[in-house]
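Chains, contacts and geometry: an overview
Each chain, letter by letter, is given below.
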Amino acid sequence: LEGERYYFIHDKTYNVKKGMLVLIHPNVIHKTIKAERSDHERLLINIHPAIMKQYAQGFDSQDWFSGFDVDRPVLALNISNQSQLRE
């Protein structure tokens, strides 16, 4: 939502900023680390995979969740997708 963090997920570190979405598959090792700017605001939600699949189908005509996998857990959302997610 605001600020930035580093996310260690599986075996890589990602710089995550406002407008980015992180989906971590169940049982994947992960942690967050403060970035240069230590203040941040984020929203954490645990969702069962079956529910996530249903939810993802409701966004536009595209399934923009399909780009996620264990090796690609971070997605930079465009303004339209950010607005949809906040609704």
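Note that the structure is predicted; figures quoted are calculated from it, not measured. (Residues numbered from 1 in each chain as written. Predicted model: local features only at pLDDT ≥ 70, side-chain atom pairs only at ≥ 80, totals over all residues. Heavy atoms only, no water.)

With respect to the overall build of the protein
Assigned secondary structure in the protein consists of two helices and six strands. When burial is assessed residue by residue, the protein has 25% of its 87 residues classed as buried. Long-range pairs, those at least 24 residues apart, make up 58% of the contacts in the protein with a sequence separation of at least 6. (Helix = DSSP H or I, 4+ residues; strand = E, 2+ residues; numbered from the N terminus. Buried < 20%, exposed > 50% of the residue type's maximum accessible area, 1.4 Å probe, protein only. Contact = heavy atoms within 4.5 Å.)

Overview of the side chain of Arg5
Take Arg5: it is sitting in strand β1 (residues 2-9). In this structure Arg5 is buried but unpaired, with Asp39 as the nearest side chain of opposite charge at 9.1 Å. Separated by 2.9 Å, the side chains of Arg5 and Thr32 make a polar contact. Those residues in contact with Arg5, other than ones at most four positions away along the chain, are Tyr14, Asn15, Val16, Thr32, Ile33, Lys34, Ala35 and His40. (Lys, Arg positive; Asp, Glu negative; His and termini not counted. Salt bridge = Lys/Arg side-chain N within 4 Å of Asp/Glu carboxyl O. Polar contact = N/O pair within 3.5 Å; in protein donor to acceptor, adjacent residues only side chain to side chain.)

As for helix α2 (residues 79-86)
Residues of α2 that are buried include every one of Asn81, Gln82 and Gln84, and no others. In an axial view of α2, the angular spread of the buried residues amounts to 160 degrees, which keeps them on one side of the axis. Projecting away from the buried face of α2 at angles above 90 degrees are the exposed residues Ile79 and Arg86. Residue Asn78 occupies the N-cap position of α2, its side-chain oxygen lying 3.1 Å from the main-chain nitrogen of Ser80. (Arc of directions from axis to C-beta.)

Some remarks on the pattern of salt bridges
The full count for this structure, using the stated rule, is one salt bridge. In this structure, Lys18 engages Glu2 in a salt bridge whose closest nitrogen and oxygen atoms are separated by 3.3 Å. Here Lys18 is found in the loop between β2 (12-17) and β3 (20-22), whereas its partner Glu2 is found in strand β1, with 16 residues between them in sequence. Residue Glu2 is classed as partly exposed on the basis of its relative accessible area, which comes to 37%.

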